[in-house]
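Geometric and topological summary
Here is what each chain is made of, one letter per residue.
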Amino acid sequence: MLAVENLEVRYGGITALRRVSIEVGKGETVLLVGANGAGKSSLINAVIGLVPAKAGTIRFAGEDIGILSADRRARAGMGYSPEGRRVFPTMSVADNVLTGAHGRGKKAQKEAWDWLSGVFPMLEERAAQPAGQLSGGQQQIVAFARAMSSFPDLLLLDEPFLGLAPVWIARISDAIRQMQARGTTILMTEQMARPALKLATRGYIMRGGEVRRSGTVAEIRDLALAEEYL
Ligand code: ATP
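So, here's what we can say about the structure. (Residues numbered from 1 in each chain as written. Predicted model: local features only at pLDDT ≥ 70, side-chain atom pairs only at ≥ 80, totals over all residues. Heavy atoms only, no water.)

Tallying each qualifying case throughout the model produces nine salt bridges. Across the pair E8 and R10 runs a salt bridge whose closest N-O atoms are separated by 3.3 Å. A salt bridge links E111 to R182, with the nearest nitrogen and oxygen atoms 3.7 Å apart. Here the residue E111 occupies a position in helix α4 (residues 106–119), and R182 occupies one in the loop between α7 (166–181) and β8 (185–190), the gap between them amounting to 71 residues. We classify E111 as partly exposed; its relative accessible area is 43%. Each of R18, E210 and R212 takes part in one network of salt bridges that share partners. (Salt bridge = Lys/Arg side-chain N within 4 Å of Asp/Glu carboxyl O. Helix = DSSP H or I, 4+ residues; strand = E, 2+ residues; numbered from the N terminus. Buried < 20%, exposed > 50% of the residue type's maximum accessible area, 1.4 Å probe, protein only.)

Next up, the structure:
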């Protein structure tokens, strides 16, 4: 479903990713583990098209998507939940969520809203409220729901659990399991990998802008423990 080969990302003189290659097969949930600054967000952002690749290729469903804009990549079936609870603060909760399903027609939007507000009743309770007025955890849910509202084929989640209370981690985990049951392919990053390891099938360990290891969840758990990511 996703094949990244020899990807390089630079910010001015800083090399954030160096010859990074990863693969995510259809229906897999793949975890990128690594400390702060390892390059996880740069990889996710290059895949969705928010940062340019200096070299390398990104193939999605067999097609080289390197020249497509982020908007085109989203329309081709990618959903993206950024790190750090990014919502449109003055827009209502419902509008925030449904910007993800923008352009997909009323029926698809209603289906997305009905499902998401069933999973997260808070969305229905706060539907009309400006998203900027919600708590941090609630804003994270809104950003996450927005990524899911287009029912993407590939869901990119950048640190979905960062700074969240256990109750929110459990609810987001439930929603991720429901996406998995629908056949969604997922690429997610985590610094604190413990809850994410329960959801993933495979993983990669990143450090210093490079992929250092890859393996099954059990192997990644052992490696991450040894390297103190848990
Ligand atoms: P975090 O968990 O903090 O997001 P990360 O593993 O996602 O870490 P990146 O955010 O991809 O890592 O950062 C990789 C490297 O690129 C770091 O050295 C970081 O300082 C640098 N970097 C990231 N964004 C920029 C930017 N916009 N301008 C300059 N350097 C950047």
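Anyway, onward from the coordinates.
Looking now at the packing of aromatic side chains. Remark: the centre distance and the inter-plane angle together describe each pair of aromatic rings, the angle taken between the planes. Tallying each qualifying case throughout the model produces two aromatic pairs. Consider the rings of W115 and F151, whose centres lie 5.5 Å apart with planes at 35°: the pair is tilted. Within this pair, whereas W115 is found in helix α4, its partner F151 is found in the loop between α6 (136–148) and β7 (154–158), the two being separated by 36 residues in sequence. Residue W115 is classed as buried on the basis of its relative accessible area, which comes to 15%. A ring pair is formed by F120 and F144, whose centres lie 6.2 Å apart and whose planes are at 85°; its orientation type is edge-to-face. One end of the pair, F120, is in the loop between α4 and α5 (121–125); the other, F144, is in helix α6, and 24 residues separate them in sequence. Residue placement shows R171 over the ring face of W168; its charged tip is 5.2 Å from the ring centre. Stacked on the ring of W115, the Lys or Arg R182 has its end atom at 5.5 Å from the ring centre. (Phe/Tyr/Trp six-rings, centres within 6.5 Å; stacked < 30°, edge-to-face > 60°. Lys NZ or Arg CZ within 6 Å of the ring centre and 35° of its normal.)

Now for the nonpolar core. Of all hydrophobic cores here, the largest spans 46 residues; its most connected members are F120, L123, F144, M148, F161, I176 and M188. Leaving out residues up to four positions away in the same chain, F161 has contacts with Q140, I169, I172, S173, I176, M188, E190, P195, A196 and L199. In this structure, L2, V4, A16 and L187 belong to the second largest nonpolar core, which totals 28 residues. (Core = buried A, V, L, I, M, F, W, Y, C linked by side-chain atoms within 4.5 Å. Contact = heavy atoms within 4.5 Å.)

With that out of the way, let us pick up the pairing of strand β3 (residues 29–33). Across the five residues of β3, five count as buried, placing the element largely inside the fold. Here β3 shows two buried faces, one formed by T29, L31 and V33 and the other by V30 and L32. Relative to β8, β3 runs parallel, the two sharing five bridges. Following the sheet pairing, V33 is matched in β8 by E190. Pairing geometry for β3 and strand β9 (residues 202–207), over four bridges, is parallel. Opposite V30, over in β9, you have R202 as the bridge partner. (Pairing = 2+ DSSP bridges.)

Structurally, the position occupied by R207 is in strand β9. Distance from R207 to D64, taken between C-alpha atoms, is 26 Å for residues 143 residues apart in sequence.

Here we take up the packing of α6 against α7. Packed helices, taken two at a time, are described by their axes: the angle between them and the distance between them. Put simply, α6 and α7 touch, their axes get as near as 11 Å, and they point 5° apart. In terms of their interaxial angle, α6 and α7 are classed as roughly parallel. Listed contacts from α7 to G137, Q138, Q140, I141, F144 and M148 of α6 are W168, I172, A175, I176 and M179. Considered class by class, the residues forming the contact of α6 with α7 number eight nonpolar, three polar and no charged. (Axes fitted to C-alpha atoms, helices over the stretch in contact; angles between N-to-C directions. Parallel < 35°, antiparallel > 145°, perpendicular 65-115°, else oblique. Nonpolar A, V, L, I, M, F, W, Y, C, P; charged D, E, K, R; others polar.)

Looking now at the side chain of R146. Tracing the backbone shows R146 in helix α6. Buried charge R146 goes without a salt bridge, the closest partner of opposite sign being D95 at 11 Å. (Lys, Arg positive; Asp, Glu negative; His and termini not counted.)

A few words now on the sheet that holds strand β5 (residues 63–64). Reading across from one edge, β2-β1-β4-β5 is the order of the four strands in this open sheet, with antiparallel pairing throughout. In this open sheet, the two edge strands, each paired with only one partner strand, are β2 (14–24) and β5. Sheet topology note: the strand β4 (residues 55–60)/β5 ladder contains two bridges and is antiparallel. Its bridge partner lying in β5, F60 is registered against E63.

The analysis is restricted to geometry; functional conclusions fall outside its scope.
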